[in-house]
Amino acid sequence: MDSSEKEGLVEEESVSSTSQQSACISNKSNLHSAETCKKSNLFSIFLEPFQWLQMLSSQLNPTFVFGIALVYGLSQGFSGSFFKVVTDYYWKDVQKVQPSVVQLYIGLYYIPWIMKPVWGLFTDVFPIKGYRRRPFFVVAGIIGGASALMVALFGNLPAALALGCLVGVATGMAIADVTIDACIARNSIEFPSLAPDMQSLCGICSSAGALIGYSTSGFFVHHLGAQGALILLAIPPVFITVLGFVIHEMRSSVLNAEKQKAMTTLGVAIRGMYQTIKFPEVWKPSLYMYLSFSLSISTHEGQFYWYTDPKAGPAFSQEFVGVIYAIGAMASMVGVLIYHKTLKHVPFRNLLFFAQLLYGTSGMLDLIFILRWNLVLGIPDYFFVIMEECVSRIISRIRWIPMIVLSTRLCPIGIEGTFFALLMCIDSLGSLTSKWGGGIVLHMFHVTRTDFTNLWLVVLIRNILRIATLGLIFLVPKANQSDALIPPDILTKNSTVTSNDEGLELVPKIEKDEV
């Protein structure tokens, strides 16, 4: 082999070696790029909720977002869930009341929520010291805190007085709720594209608070007793009171003129509500929401007594009952995420039809559990009840959120706080009817503290009524969730109603700077 051939061979080997090294480097580079991309995707998923909150804070006032987190997360989420479990044990173990009677008592908890239009009128037309929202957070905190302390610290209270205190706790929650809901309704009108996002934030905060409330309720009931655990319900009202001092609100400078016009404005607001509710686009979906709640009679107390009965039922402990509800709260958050990611662009009628269908059929899981068919299938009680709770909570949340979005779409500008409160009052009235209807049916079928023979039949009737509600779906509009359902001049067309709400400063920062 001559020198030229040797040089050519060396060059070929060099080129081959270089190409192999380049390919190796390229593969390593691609691998490194893929790993970096994977890490970047995981990091972006982690940052997504914070970016979403930042987006809402930039489009809306940050104190508004904070108010939602506090009212829905702490007051409704934590207090509401803790209240539910602890009061169930309070009536069962301390007051020793029959389940059908407890259903009637719990129905009275809804009275403050039914009165939401009254609280809404106060927040819309009766400013205090020039403020429309701040004072009512303070009032809500004082009423709720004082009521919780009274029922927790004074033993051997008569049932009527204890019931009054517990209704007082619910009143504090309702007033705080209607105050923040007025802000949500106004923002949903001004920023319709963000309405589903605001309801998703409400749902996430509520579910997160409920998770904490449920997971700790059984522990505190076990160690402090049902009555002693009620003292924790005095803590959230303190924060609601503080919210009334820190939340940003523009103070009106025309106090005397506002006082003189208060009664006039009240009359205008009432006429505006009456005028709006007469529109078919408003009363039809409102009627559907009422009937969908009221026809689904509540069997909760009968099932709760059965859950904890050592002879007829599975005899779940206090801690495990809290765990069941806590896992259900986590499932509720999953329901919010499913709605937010995949369902917020589905038309109202389609979404509510399938949600109601699933709501009725999933109720059959309760029937299977009460008849103990799960044991025949080899499924343990603890596993089956958790599965049933998760399915129920996910479907309930998917069914609930579009109803709230629909309600915000029915509110006219100018009386949005009052009218949204009216719609929520209708929903609460449906829940009250559900509780009392369930109590009557439990009593008719002789479901007591120790006799659960006919409990399965009551649950079957409930499920049939849920499915029957599908026949009313024609009352729900076919519109998309971002569509306007009522004309913007619904009040001003034939009326003197005007929008003069100078409540929370909820316009975005960019608009405020331009002004």
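What counts as what
Residues numbered from 1 in each chain as written. Predicted model: local features only at pLDDT ≥ 70, side-chain atom pairs only at ≥ 80, totals over all residues. Heavy atoms only, no water. Helix = DSSP H or I, 4+ residues; strand = E, 2+ residues; numbered from the N terminus. Expected span 1.5 Å × (residues − 1). Buried < 20%, exposed > 50% of the residue type's maximum accessible area, 1.4 Å probe, protein only. Arc of directions from axis to C-beta. Salt bridge = Lys/Arg side-chain N within 4 Å of Asp/Glu carboxyl O. Contact = heavy atoms within 4.5 Å. Polar contact = N/O pair within 3.5 Å; in protein donor to acceptor, adjacent residues only side chain to side chain. Phe/Tyr/Trp six-rings, centres within 6.5 Å; stacked < 30°, edge-to-face > 60°. Lys NZ or Arg CZ within 6 Å of the ring centre and 35° of its normal.

Time to look at helix H19 (residues 455–468). Between its first and last C-alpha, H19 extends 20 Å over 14 residues, near the 20 Å set by a 1.5 Å rise per residue. Within H19, the full set of buried residues consists of Leu-455, Val-458, Val-459, Arg-462, Asn-463 and Arg-466. Buried residues of H19, seen end-on, are gathered within an arc of 140 degrees and therefore sit on one face of the element.

All right, on to the pattern of salt bridges then. When their charged atoms lie close together, side chains carrying opposite charge are able to pair. Within the structure shown, the criterion is met by five salt bridges. In this structure, Arg-462 engages Asp-366 in a salt bridge whose closest nitrogen and oxygen atoms are separated by 2.9 Å. Taken together, the residues Arg-462 in helix H19 and Asp-366 in helix H15 (residues 364–370) connect sequence positions 96 residues apart. Arg-462 gets classed as buried once you look at its relative accessible area, which sits at 4%. A relative accessible area of 8% means that Asp-366 is categorised as buried.

The residue Ala-315 is not glycine, and still its phi comes out positive at about 60 degrees. When you line up the elements, Ala-315 lands in the loop between helix H12 (300–307) and helix H13 (318–343).

Looking at where Arg-409 falls in the secondary structure, it is placed in helix H17 (residues 381–409). Overall, the relative accessible area of 7% leaves Arg-409 in the buried class. Contacts of Arg-409, omitting those with residues within four sequence positions, involve Ser-188, Pro-192, Ala-195, Phe-348, Gln-481, Ser-482, Asp-483, Leu-485 and Ile-486. Within polar-contact distance, the side chain of Arg-409 engages the backbone oxygen of Pro-192 at 2.8 Å.

On to the packing of aromatic side chains, then. Each aromatic ring pair is characterised by the separation of its centres together with the angle its planes make. The final tally for this structure, using the stated rule, is 18 aromatic pairs. On the numbers, 5.6 Å between centres and 20 degrees between planes, the contact of Phe-78 with Phe-82 is stacked. Here Phe-78 and its partner Phe-82 are both found in helix H2 (residues 62–94), four residues apart, which amounts to about one turn of the helix. Accessibility assignment for this pair places Phe-78 and Phe-82 in one class, buried. Between the aromatic rings of Phe-304 and Tyr-305, the centroid separation amounts to 6.1 Å while the plane-to-plane angle is 75 degrees, which identifies the pairing as edge-to-face. We note that Phe-304, like Tyr-305, is buried. Lying over the aromatic face of Phe-293, Arg-399 brings its terminal NZ or CZ to 5.3 Å of the ring centre. The ring of Tyr-359 carries Arg-466 above its face, with NZ or CZ at 3.9 Å from the centroid.

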